[in-house]
Amino acid sequence: MKFTKLVAAAGALSFVASAAAFAQTATQIVTFQVNAINQISVAGAPSLTINTAVAGSAPTSVTDNVSTWAVTTNQSTAKITGSLSAAMPAGLTLSANLAAPAGASSAGLTALSAVAVDLVTSITKLNASGLGLTYQLDATSAAGVVASSTRTVTYTITGGV
Amino acid sequence: MRIHQPAASRRRLVACAWVMGLVLSAVSATGAQSLSVSGSPAALKITTASAGSPPNAAVNSATTYTVTVRNKNQPQKITAQLDAAMPTGTTLTIDLSPVTKSTSVGPVDLATTPQDLVVDVVNTSSRTAGITYTFNASSGAGVVPSSFRTVTFTLLAFP
């Protein structure tokens, strides 16, 4: 009786082993995650010079549209703000107009200052590049002659959830 | 008191021979063909992007697989599948380097159905090669909390 059981057990072992030989398996556990990502970049070196006027009117404003901007966010309702490194000289206004990517809203041409202002809102889970960025410089007659100056414009993407 | 029983002894000898034969057969079968992996890869984390482009992929090439087949005249293949689908907007791609004389299919997006990774495996001695995982996410995938999937590799007859 003992031998009968032994033979049966060995047979079962042989069967299982043979089946395993036909389909060997191995496993790995792969862990993954995606963190919040918000990136903005700009390209171009704009330069604006006011040098004419129509008699009787304020100096003629100038625009520069050689710049572009790009954005990547995997969050919802992110926004772009812009601010200057220092206030503009009296009588001068520097404005920026960022074209909105799909589904977002642009504030249009907006005067920049040392305090951040919203330029594009409702940016949700997208990546887009080559978006238009236009600068405009306005001057009053009272501003007088202004020597060549520079300002750093800082764009920040914030507020995504 | 022991009694000599020739017939019973013969039966025991025959039974022992059967047992030994079956066990040796089993050991031989399992020992001749095998597939194993070196462990699980570190977490694949996507944390950056270039503005205007999708998030940068996360890559891990730290693990390996080892394979042996029973008979060089009976080619095998290695397949892999996930236990559950990946989150929307993400893909987990795997690329197994080929072991000697086998052919790698190249990078394959893993799914819940088996995907061929390496085919025509004929090496009858143990060979080891690399496994590369690439995790991609679109911007639309959003933030994905830490999750995991089980990847099951299977060694099967080819084709």
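Being a predicted model, the structure only gives us computed values, none of them experimental.

1. Some thoughts on the overall build of chain A
Thinking step 1. Of regular secondary structure, chain A possesses one helix and ten strands.
Thinking step 2. Per-residue burial over chain A gives 22% buried out of 161 residues.
Thinking step 3. Across chain A, every contact between residues at least 6 apart in sequence was considered, and the portion connecting residues at least 24 apart equals 75%.

2. Quick notes on the nonpolar core
Thinking step 1. Core analysis: the largest hydrophobic core is formed by 31 residues, its most contacted members being Val67, Ile78, Leu92, Ile94, Leu96, Tyr133 and Phe135 of chain B.
Thinking step 2. For this core, the secondary-structure elements that each account for two or more residues are β1 (24-34) of chain A together with β2 (44-46), β3 (58-68), β4 (76-82), β5 (90-96), β8 (115-121), β9 (127-137) and β10 (144-157) of chain B.
Thinking step 3. Once residues within four sequence positions are removed from consideration, Ile94 of chain B is found in contact with Ala80, Val108, Leu110, Leu117, Ile131 and Tyr133 of chain B.

3. Quick look at the sheet that holds β5 of chain B
Residues and elements named next belong to chain B.
Thinking step 1. Across the sheet, five strands lie side by side as β1-β3-β9-β5-β7; this open sheet has antiparallel pairing. The open sheet has two edge strands, β1 (34-37) and β7 (108-109), and neither has a second partner.
Thinking step 2. In the sheet, β5 pairs with β7 via two bridges, with the strands oriented antiparallel. Counted as the bridge partner of Thr93 is Asp109 from β7.

4. Observations concerning the confidence of the model for chain B
Residue and element names in this part refer to chain B.
Thinking step 1. Here chain B averages 86 in pLDDT, and 81% of its residues register 70 or above.
Thinking step 2. The low-confidence segment residues 16-31, where pLDDT is below 50, has 19 contacts with residues more than four positions distant or belonging to other chains.
Thinking step 3. Confidence metrics for the complex model read pTM 0.80 and ipTM 0.81.

5. Focus: the pairing of strand β3 (residues 62-73) of chain A
Residues and elements named next belong to chain A.
Thinking step 1. Both strand β2 (residues 38-43) and β3 contribute to a ladder of six bridges, which runs antiparallel. Note on β3: the bridge partner recorded for Gln39 is Thr72.
Thinking step 2. In this sheet, strand β9 (residues 126-139) lies alongside β3 in antiparallel orientation, the contact comprising nine bridges. Bridge pairing in β9 places Trp69 opposite Leu131.

6. A short note on the sheet that holds strand β5 (residues 92-98) of chain A
Residues and elements named next belong to chain A.
Thinking step 1. Spatial ordering of the open sheet is given by β2-β3-β9-β5-β7, a layout of five strands whose pairing is antiparallel. Single-partner strands in this sheet number two, and they are β2 and β7 (110-111).
Thinking step 2. Sheet topology note: the β5/β7 ladder contains two bridges and is antiparallel. Residue pairing for β7: Ala96 is matched across the bridge by Thr110.

7. Some remarks on unusual backbone geometry
Negative phi values dominate among residues other than glycine, just as trans dominates among peptide bonds.
Thinking step 1. Here the residue pair Phe158 of chain B and Pro159 of chain B is connected by a cis peptide bond, since its omega of -5 degrees sits within 30 degrees of zero.
Thinking step 2. Counting through the fold element by element, Pro159 of chain B comes out in the segment after β10.
Thinking step 3. At Ser122 of chain A, a residue that is not glycine, the phi angle is positive and equals roughly 60 degrees.
Thinking step 4. Given 15 C-beta atoms within a 10 Å radius, Ser122 of chain A is considered partly exposed.
Thinking step 5. With phi around 40 degrees, Lys125 of chain A is a residue other than glycine that occupies positive phi space.
Thinking step 6. Tracing the backbone through its elements, the reader meets Lys125 of chain A in the loop between β8 (117-123) and β9.
Thinking step 7. Judged by local crowding, Lys125 of chain A falls into the buried class, with 20 C-beta atoms found within 10 Å.

8. A few points about the environment of Val71 of chain A
Thinking step 1. Along the chain, the position of Val71 of chain A falls in strand β3.
Thinking step 2. Residue Val71 of chain A is classed as buried on the basis of its C-beta count, with 27 C-beta atoms lying within 10 Å.
Thinking step 3. As a C-alpha pair, Val71 of chain A and Ile123 of chain A span 52 residues in sequence and 9.1 Å in three-dimensional space.
Thinking step 4. In this view, Val71 of chain A contacts Gln39, Ile40, Pro101, Ile123, Asn127, Ala128 and Ile157 of chain A together with Ala51 and Gly52 of chain B; residues no more than four positions away in its chain are not counted.

Conventions adopted
- Residues numbered from 1 in each chain as written.
- Chains lettered and ligands numbered in written order.
- Predicted model: local features only at pLDDT ≥ 70, side-chain atom pairs only at ≥ 80, totals over all residues.
- Helix = DSSP H or I, 4+ residues; strand = E, 2+ residues; numbered from the N terminus.
- Buried ≥ 20, exposed ≤ 12 C-beta atoms within 10 Å, placed from the backbone.
- Contact = placed C-beta atoms within 7 Å.
- Core = buried A, V, L, I, M, F, W, Y, C linked by C-beta atoms within 7 Å.
- Pairing = 2+ DSSP bridges.
- pLDDT = per-residue confidence, 0-100.

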